[in-house]
Amino acid sequence: MAEVKELVNELVDKYGRERKSLLPILQGIHLERNYLSKEAMLEVAKQLDLSAAEIYGTASFYSFLDTKADGKYKIRVCKSITCEMKGKSDIIKTLEDMLKIKVGETTEGKRFSLLETNCLGLCDQGPAMLINEEYYTKLTAAKVRKILGEYIRNKY
Amino acid sequence: MSNNKLRKVDVIFSPYSVAPYEILKNTMRRPKDEVVQELIDSGLRGRGGAGFPTGLKWKFAKQQQSDQKYVICNADEGEPGTFKDRKLLVEVPRKVISGMAICAWVIGATKGYIYLRREYRYLIQDIEKELDLYHKHAAEIGLDFKIEIFLGAGAYVCGEETALIESMEGKRGEPRNKPPYPIQSGYLGKPTVVNNVETFASATMVCRIGANEYKKFGTDDQHGSKLFSISGDSPKEGVHELELGMSLEDFANEFGDGDTKAVQVGGVAGFCIPRKKFKTTIIGEGNTTGGSTMIFNSTRSMYNVLHNYLDFFSEESCGQCTPCRIGTQQLLKGIEAVKSGKKPPEYLDQLVKLSETMRLTSKCGLGQSVTNSFSSIVKNFREEMIY
Amino acid sequence: MAELVKLNIDGIDVQIEKGQSILDAAKKVNIRIPTLCHHEDLCVAGNCRVCVVEQEGRNTLTPSCATPAEEGMVIKTSTPKVRRARKDLMALLVSEHNTQCTTCYRSTNCELQDLAAEYNVDNNIYLSVLKEDLEIDKSSWSIEKDDSKCIRCQRCVRTCAELQHVNALAVTERGRDMKISTFMHLPMNEIVCTNCGQCITHCPTGALTERRYYDEIWEAIDDPEKHVVINTAPSVRVALGEMLGFPVGTRVTGKMVTALKKMGFDSVLDTDFSADLTIIEEANELLQRLKDALVHKKDVALPMITSCSPGWVKFIEHMYPEHLAHLSSCKSPQQMFGALTKTYYAEKKGIDPSKIISVAGMPCAAKKYEANRPEMRDSGYHDVDAGLTTREIGHMIKQSGINFLELEDSNFDSIMGESSGAGVIFGATGGVMEAALRTAYFVITGRPVPFDNLNITPVRGLKGIKETSVKFENCLPEYSFLEGVEAKFAIAHGLINARQIMDQIVAGESPYHFIEIMACPGGCIGGGGQPIPTNDEIRKKRIKAIYDEDMNKPIRMSHENPEIIKIYEDFLQKPLGEKSHHLLHTKYRKRKRY
Ligand SMILES: Cc1cc2nc3c(=O)[nH]c(=O)nc-3n(C[C@H](O)[C@H](O)[C@H](O)COP(=O)(O)O)c2cc1C
Ligand code: SF4
Ligand code: SF4
Ligand code: SF4
Ligand code: SF4
Ligand code: FES
Ligand code: FES
């Protein structure tokens, strides 16, 4: 709790206390904590003199601002049209098999969350996915196995 | 000038024969009104989709009296099938930044933002390096205009300029009522120019080569060159710079895989053109200027394509207005019901009418443009919707 | 002089101030355009889109509520294109809606129902896209929230933000999942909400309603063992008629009393009586505080602020927990009444208090919560067993089959049925202040307050914050410490205005001695339990009715009410006395800000 407070303080000092600083502050928390906890949102509300509902309403609008704890690595597979044409469902299936979870779920121990997302702007190289800030293109089942294998082995 | 032929050009991605910041410096030696007129004469239209004449936008913004004005580069590129802005920011960021700086100088803004979509966060470091360089140049030539990156948080609708501004103000990205337009009352209530990444880069090139040269590209109706994001069933996927005004036939011959059944012009917000209409369709005329073209060959189910689009719209709608929030869900459920036989084929006509209501009554371009792809697919591929 | 623009609507030329909307212009020439998300009290949203019209030169339709009228515009409000579009929009709203008009509390008083009927919407055109897993939130004592009936017009959100500055409700999620909700979707009883019910009166549908308790009341009435007492607040009698066929602003006091008696209440009493009592206690409390400050140089909290609006009380408990000392310790008239019903009344009437059911008929949603505060049991019982809103009373009268329009008048029962005009005006913003000044000035100087006919007009009206001051001269010896003092007063209604007053206090810059605050815009006549719609036009008419009632009363100062004199003689002994303290005063608690 105290820690969240410090983090929010830091971010508020950096970006300011006006409403226009809200997104950068929420993003800042998200980068550190992987999601926006209840405590974090309440602290931001306090510091920016907004209501808690306003913070939640704003955060829940955006796909990259999560309000519940989930995986450390968020795998976002593009489901928009050209990636779908190029074999997105195989990619999903491969990931589901490897992680033993379905889309929208998180592995036990909260390491991986599997999500579908809309176009990543890599349509000429589909199927594409993001794992946190890294992007991967021209995916095949084999390629996915290799990439994910590395995450599983190396990035605890 | 022969019309409607496909011609590849190299303006926007041409290597910096004159450094963009030289262009900026040279431009700033000219009278502002002359520069604005040059842009108007060039016929350059916004590359973000709505196609508003860029010179006019700047002129109006220049006329506004205000203690503060803003310039925003719209890099929220979220339209499925569009990825040219990413490439521009990677390959020719200085042309983009110069364009912003020229705009700022013209309209009298001291602060600018690049609204970068969250999915492109991996570009931040490189862009920031470029901005450092720019700020050094700006200081040298005495231009008081600072640029910051504002990172989006994942919402397609934030590409709509007023939603983008709401988002920058720390709110939900819900489009505003217009009027007032951003050039009257934009970010924090101040006059604001929002332009697409490519628009700024093109503006830089207009300043470099002049309206007359620039107008030589394209046809009598459509001037200049344009980036096309090409994806789908094409051996040449990627970003291509082409002169405006080519026919879709030429386009499909050049970029298709020989088996092209339809081309989606202008992203999911644009039109889906079947093969039989390729000859008579000129890219850019009556379809949107975003430059996304997705190519479908005969193996593709157009039902699946439409289903995918509608799923996208119903998720990415901001949800505030009735026609778009509920209409997108109805269209999605409706085609499913027709496909499964729960509703008769005639129900498709009801849905086309509904999409027309959405066009007439939606608050922003998202809801208004759903009918483009919806009715073009339903009308041209009706069988595929039913069986 | 504001700039005028001229436009043409349906062939009629209209001139209107620049900045006004097309909708405003249409209203001016009596052209009705349907609306849903629009509300006179709130800022423009432009999200329902049913107000669209055709504008010459545009190929999409124009939302009339959200578009400023401009010079030379040519508008058509009812073309086939417009009607088709509106009908389609209504059909869409219905397809997302849990249409249950036969069982819905808002039926016959619902904007969605009205418009759907007007456009004769075919329920089967579209498939249902109503979310399936929606549950009705009944966690709050005051507010019931049923998302399945929400059309997402955001009127409640804007109300809670713009009028009340609480922001308890927000728009959450996006696209097809977008809804109106709370922080982390918490139930209503776990969030920071004042229970004011303004969101209810601004909701066009049955999505937000008050928690209803009338079934329990009917049961009690039917139970021969129970002695059921109801007291009705001043604002109820000037608004109830709206639900029962009378024009806005009609006083139906006598008919209301008759109806309640016919329905089987054993005794129909007047909350105005305890309003008078509140004045005595509160005026004395104020004088005590002033004396402590001026004579004893004690550190007492000034300004003192009224505490009769439970929405306001909960607001200050949440938002300014460090400043509760400013609140008068007086209970609200409802709670005073309750406590006395089960003590004084029971004693005088010789009724076992455990057999008494005390019901409060209120213009308010927050009073339901107040009645259930654990500290409100000073009589040894639940002081108030249930609070009913004006709307619920209207429903009950309808259920009884009473022909209200034709009813004869009757008087409140006794005891605790008599009141002064000062008690009556409690219902309007400024009324408590006026009533308190009428008595306080008299107590201090022995003369009536120096305003024409006792009408202290500066405290009246709908201005958000009102101020006045009174100079005390030729004071009675006991109050010589006030000689020459110019006391300053303020009145705020609507919590957004309360916030301004409080911020001044927090900053130590408040120039006032006494402040009246009401949670609801307009005061209780605009309360969260009042008939819907409520807007400024309606508020003004209800307020006028209140002041008319005051003028018609033979007694217009609380301390002259004979029943008040008697209760002090027979029961309470003296203001702020021991019994008063026990039964009529209370304490407040700090609550969490977030
Ligand atoms: C739903 C929606 C999404 C949009 N997304 C983008 C976008 O990603 N990038 C963009 O430049 N313009 C986008 N636009 C268009 C902008 O609203 C605006 O017209 C544009 O940024 C203006 O720049 P331009 O004149 O240079 O095209 C979008 C519009 C809508 C309705
Ligand atoms: S059209 Fe769609 S995206 Fe645009 S404002 Fe309406 S609901 Fe939002
Ligand atoms: S909210 Fe209105 S339309 Fe809906 S069920 Fe209730 S009365 Fe009917
Ligand atoms: S009852 Fe009042 S405070 Fe609570 S949500 Fe409604 S308007 Fe807001
Ligand atoms: S709860 Fe009522 S006021 Fe609020 S958005 Fe829903 S329908 Fe509108
Ligand atoms: S469609 Fe997948 S990245 Fe654009
Ligand atoms: S009343 Fe105008 S959009 Fe809702």
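See the structure shown above.
Analysis parameters
Residues numbered from 1 in each chain as written. Chains lettered and ligands numbered in written order. Predicted model: local features only at pLDDT ≥ 70, side-chain atom pairs only at ≥ 80, totals over all residues. Heavy atoms only, no water. Buried < 20%, exposed > 50% of the residue type's maximum accessible area, 1.4 Å probe, protein only. Helix = DSSP H or I, 4+ residues; strand = E, 2+ residues; numbered from the N terminus. Contact = heavy atoms within 4.5 Å. Pairing = 2+ DSSP bridges. Axes fitted to C-alpha atoms, helices over the stretch in contact; angles between N-to-C directions. Near = heavy atom within 4 Å. Nonpolar A, V, L, I, M, F, W, Y, C, P; charged D, E, K, R; others polar. Expected span 1.5 Å × (residues − 1). Buried area = accessible area lost by both parts, 1.4 Å probe. Salt bridge = Lys/Arg side-chain N within 4 Å of Asp/Glu carboxyl O. Polar contact = N/O pair within 3.5 Å; in protein donor to acceptor, adjacent residues only side chain to side chain. 1 Å grid on protein atoms, 1.4 Å probe; cavity = no way out; pocket = protein on both sides within 12 Å on 5 of 7 lines; lining within 4 Å. Points joined across faces, edges and corners; volume = space filled by probe spheres on them. Patch = residues over 30% accessible without salt bridge, like charges linked within 9 Å, V, L, I, M, F, W, Y side chains within 5 Å. Areas by Shrake-Rupley, 256 points an atom, 1.4 Å probe, with all protein chains shown as cover. Lys, Arg positive; Asp, Glu negative; His and termini not counted. Charge placed at Lys NZ, Arg CZ, Asp CG, Glu CD.

A. Main features of helix H7 (residues 161-168) of chain B. Burial of H7(B) is extensive: seven of the eight residues sit out of reach of the surface. Of the positions making up H7(B), those classed as buried are B:Thr162, B:Ala163, B:Leu164, B:Ile165, B:Glu166, B:Ser167 and B:Met168. Buried residues along H7(B) sit against helix H2 (22-33) of chain A together with strand S1 (70-75), strand S2 (111-116), strand S3 (146-151) and strand S4 (192-196) of chain B. One or two steps after H7(B), the chain reaches B:Gly170, where phi turns positive at roughly 85°.

B. Fine view of the sheet that holds strand S14 (residues 386-389) of chain C. Residues and elements named next belong to chain C. Across the sheet, which stays open at both edges, the four strands sit in the order S11-S10-S13-S14 with parallel pairing between neighbours. Lying at the two open borders of the sheet, with one neighbouring strand each, are strand S11 (267-270) and S14. Each strand of the sheet is rotated relative to its neighbour by a mean of 25°, with strand direction disregarded. Here strand S10 (residues 227-232) pairs with S11 via four bridges, running parallel.

C. Region of interest: the site of ligand 4. Around ligand 4, the structure places C:Ile143, C:Cys160, C:Val166, C:Ala168, C:Leu169, C:Cys193, C:Thr194, C:Asn195, C:Cys196, C:Gly197 and C:Cys199. A per-class count over the shell around ligand 4 returns eight nonpolar, three polar and no charged.

D. Molecular detail of helix H10 (residues 302-316) of chain B. All names here are of chain B. Counted at 1.5 Å a residue, the expected span for H10 with its 15 residues is 21 Å, and the 21 Å between its end C-alpha atoms agrees. The buried count for H10 comes to 12 of 15 residues, which makes it a mostly enclosed element. Of all the positions in H10, only Met302, Tyr303, Val305, Leu306, Asn308, Tyr309, Leu310, Asp311, Phe312, Phe313, Ser314 and Glu316 are classed as buried.

E. Broad picture of the interface of chain C and chain B. Taken together, the 39 residues of chain C in the interface contact 37 residues of chain B. Both sides together, the interface formed by chain C and chain B hides about 3,200 Å², and carbon and sulfur atoms give 51% of it. Ranking the residues of chain C by area buried against chain B places C:Leu127, C:Arg174 and C:Arg176 at the top, with a combined share of 24%. The interface formed by chain C and chain B holds four salt bridges in total. The salt bridge involving B:Arg325 is made with C:Glu96; its shortest N-O contact spans 2.9 Å. Counting across the interface, chain C meets chain B through 25 residue pairs in polar contact (both at pLDDT 80 or more). Of all the elements in the fold, those that place two or more residues in the side of chain C that touches chain B are helix H2 (80-95) and strand S7 (170-172) of chain C. Residue contributions to the side of chain C that touches chain B peak at seven residues, all from H2(C). Looking at side-chain class alone, the side of chain C that touches chain B contains 18 nonpolar, 11 polar and 10 charged residues.

F. Main features of the layout of surface pockets. Here the second largest pocket is characterised by a volume of approximately 1,200 Å³. Forming the walls of the second largest pocket are 47 residues, and the residues nearest its centre are A:Tyr62, A:Ser63, A:Asp66, A:Leu115 and C:Asp177. Counting residues per element, the ones that place at least two in the lining of the second largest pocket are helix H4 (52-59) and strand S2 (112-117) of chain A together with H10 of chain B. Per-element accounting of the lining of the second largest pocket gives the leading share, five residues, to S2(A). Of the residues in the lining of the second largest pocket, the class split is 16 nonpolar, 10 polar and 21 charged.

G. Representation of a negative patch on the surface within the structure. Residue and element names in this part refer to chain A. A cluster of acidic side chains, namely Glu6, Glu10, Asp13 and Glu32, defines a negative patch on the protein surface. Per-element accounting of the negative patch gives the leading share, three residues, to helix H1 (residues 2-15). With respect to the secondary-structure elements, Asp13 resides in helix H1.

That is the geometry; function is a separate question.
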